[in-house]
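# Structure assessment
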Amino acid sequence: MPATSVDERRAREAYRRLAAVYDTVYARKDYRAEARRVRSLIRQYGPRPSRTLLDVACGTGAHLRHLTQYYRVTGLDLNPAMLREARRNVPGVRFVRGAMQRFRRPDRYDVITCLFSAIGYVRSERELRRTIGNFARHLNPGGLLLVEPWFAPSDYRAGSVHLGTYGSPERPIARMNVSERRGSRAVMDMHYLVPVHGKIRYWVERHELTMFEASAYRAAFRAAGLRVRRVPSRFTSERGLYLGVRPAPVRASRGGRGPTRRVSR
């Protein structure tokens, strides 16, 4: 794998310790319902039939656990620790390591997803275009891209305090952070308290996510040659979903009525 950037190393480090407790922290997230919504959107806007799906920034594979019954799925993530958890959670599925900005796969896919606002880890509008362009290159003609955005600048509330407790009374986990803002980036230092072998383990993870305007997402999709629209996600955190369709090639009709274009519905 090519040398990683400083930003990629930071993103990888941010999840190294979290991986072991990630599913406990996000146990309340309804991945099953979100997967149903994704499947509904694929049936509405994706190619028919849709057989293959790549989940970029797949984490521990929680969405793929519910999508693998419908598609031949692949998970891609930058973090080796998260991929180890994913392989345990969804055995038999192919999981590969890669950065969303520059991964290269020999396969092309009917559907690519990038969920849970992972796209926020790209650092600039230029990098956003590069990333969406990379996704588009891995789509089959007529293929569908689904991206769940991070907060827009006007929606982010700097200075707010968040405290969450997770797990069970026998093995509780506590997380606390203050939402900060530095220019177009949301900065969150997540403070964790986790019991391990009779002792309390404490660590801090910094997450920096870029807040893009809707116009930046639309421009990135269009620059990649995708037809774009935004729809409600109906997820726990309603940030919407950007859908991009890679146009299928023009085909000549058999009836002599001129060229026809296959349109995803």
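Let me begin by describing the structure that accompanies this report. (Residues numbered from 1 in each chain as written. Predicted model: local features only at pLDDT ≥ 70, side-chain atom pairs only at ≥ 80, totals over all residues. Heavy atoms only, no water.)

### Notes on helix α5 (residues 80-89)
Where α5 is concerned, the buried positions are A81, M82, L83, E85 and A86. Looking at the packing, one finds that the buried side of α5 touches α2 (22-25), β2 (72-77) and β3 (94-97). Of the residues flanking the start of α5, the one acting as N-cap is N79, its side-chain oxygen 2.9 Å from the backbone nitrogen of A81. (Buried < 20%, exposed > 50% of the residue type's maximum accessible area, 1.4 Å probe, protein only. Helix = DSSP H or I, 4+ residues; strand = E, 2+ residues; numbered from the N terminus. Contact = heavy atoms within 4.5 Å. Polar contact = N/O pair within 3.5 Å; in protein donor to acceptor, adjacent residues only side chain to side chain.)

### What about the packing of aromatic side chains?
The final tally for this structure, using the stated rule, is 13 aromatic pairs. Taking 4.8 Å as the distance between ring centres and 20 degrees as the angle between the ring planes, the aromatic pair formed by Y217 and Y242 counts as stacked. Note that Y217 is positioned in helix α7 (residues 214-223) and Y242 in strand β11 (residues 241-245), a separation of 25 residues in sequence. As far as the burial class goes, Y217 and Y242 line up, both buried. The structure contains a cluster of three or more aromatic residues connected by ring pairs, namely Y15, Y22, Y26, F116 and Y121. (Phe/Tyr/Trp six-rings, centres within 6.5 Å; stacked < 30°, edge-to-face > 60°.)

### Structural notes on the side chain of E205
With respect to the helices, strands and loops of the structure, E205 is situated in strand β9 (residues 199-210). Here E205 is buried and forms no salt bridge, its nearest opposite-charge partner R17 lying at an N-O distance of 6.4 Å. A distance of 3.3 Å separates a polar side-chain atom of E205 from the backbone nitrogen of L18. At a separation of 3.4 Å, a polar atom in the side chain of E205 contacts the side chain of W203. (Lys, Arg positive; Asp, Glu negative; His and termini not counted. Salt bridge = Lys/Arg side-chain N within 4 Å of Asp/Glu carboxyl O.)

### Observations concerning the nonpolar core
Among soluble globular proteins, nonpolar side chains are generally buried collectively. Counting 27 residues, the largest nonpolar core has V56, I119, L128, I132, F135 and L145 as the members making the most contacts within it. Elements represented by at least two residues in this core include exactly β1 (52-56), β4 (109-114), α6 (125-137), β5 (139-147) and α7. Sequence-distant contacts of F135, that is, excluding residues within four places in its chain, are made with V56, M100, F103, I112, C114, I119, L145 and V147. In terms of nonpolar packing, the next biggest core, distinct from the first, is built from 25 residues, L41, V73, V231 and V245 among them. (Core = buried A, V, L, I, M, F, W, Y, C linked by side-chain atoms within 4.5 Å.)

### Brief notes about the sheet that holds strand β7 (residues 172-182)
Backbone hydrogen bonds hold the strands of a sheet together, and the pairing may be parallel or antiparallel. Across the sheet, four strands lie side by side as β6-β7-β8-β9; this open sheet has antiparallel pairing. Sheet topology places β6 (161-167) and β9 at the edges, where each strand pairs with a single neighbour. Each adjacent strand pair in this sheet contributes to an overall mean axis angle of 20 degrees, direction not counted. Here twelve bridges tie strand β8 (residues 185-196) to β9, and the two strands are oriented antiparallel to one another. Residue pairing in the sheet places V196 in a bridge with K199 of β9. (Pairing = 2+ DSSP bridges. Axes fitted to C-alpha atoms, helices over the stretch in contact; angles between N-to-C directions.)

### Observations concerning the sheet that holds β3
The strand order across the open sheet formed by seven strands is β3-β2-β1-β4-β5-β11-β10, and the pairing between neighbours is mixed. Each having just a single partner strand, β3 and β10 (227-231) make up the two edges of the open sheet. Each strand of the sheet is rotated relative to its neighbour by a mean of 20 degrees, with strand direction disregarded. Where β10 lies against β11, five bridges are found, and the strand directions are antiparallel.

### Comments concerning the environment of P49
Position of P49 among the secondary structure elements: in the loop between α3 (31-45) and β1. C-alpha of P49 to C-alpha of D110: the two residues are 61 residues apart in sequence and 8.6 Å apart in space.

### A look at a nonpolar patch on the surface
Among the surface-exposed residues, V161, L163, M176 and V178 lie close enough to one another that they form a single nonpolar patch of about 380 Å² accessible area. Secondary structure elements with two or more residues in the nonpolar patch: β6 and β7. Of note, M176 is situated in strand β7. (Patch = residues over 30% accessible without salt bridge, like charges linked within 9 Å, V, L, I, M, F, W, Y side chains within 5 Å. Areas by Shrake-Rupley, 256 points an atom, 1.4 Å probe, with all protein chains shown as cover.)

### Some remarks on α6
If you check α6, its first and last C-alpha atoms are 18 Å apart, about what 13 residues at 1.5 Å a residue would give, namely 18 Å. When we look at burial in α6, the residues that qualify are E127, L128, T131, I132, G133, N134, F135 and A136. (Expected span 1.5 Å × (residues − 1).)

### Notes on the pairing of β4
Burial of β4 is extensive: six of the six residues sit out of reach of the surface. The pairing of β1 with β4 spans four bridges and is classified as parallel. The partner of V56 across the bridge, within β4, is C114. Viewed along the sheet, the connection from β4 through α6 into β5 turns out right-handed. (Right-handed = clockwise from strand over helix to strand, strands pointing away.)

### Side note on the pairing of β6
Looking along a regular strand, one sees side chains alternate from face to face of the sheet. Here β6 pairs with β7 via seven bridges, running antiparallel. Note on β7: the bridge partner recorded for G167 is P172. Linking two consecutive strands that pair antiparallel, namely β6 and β7, is a turn of four residues.

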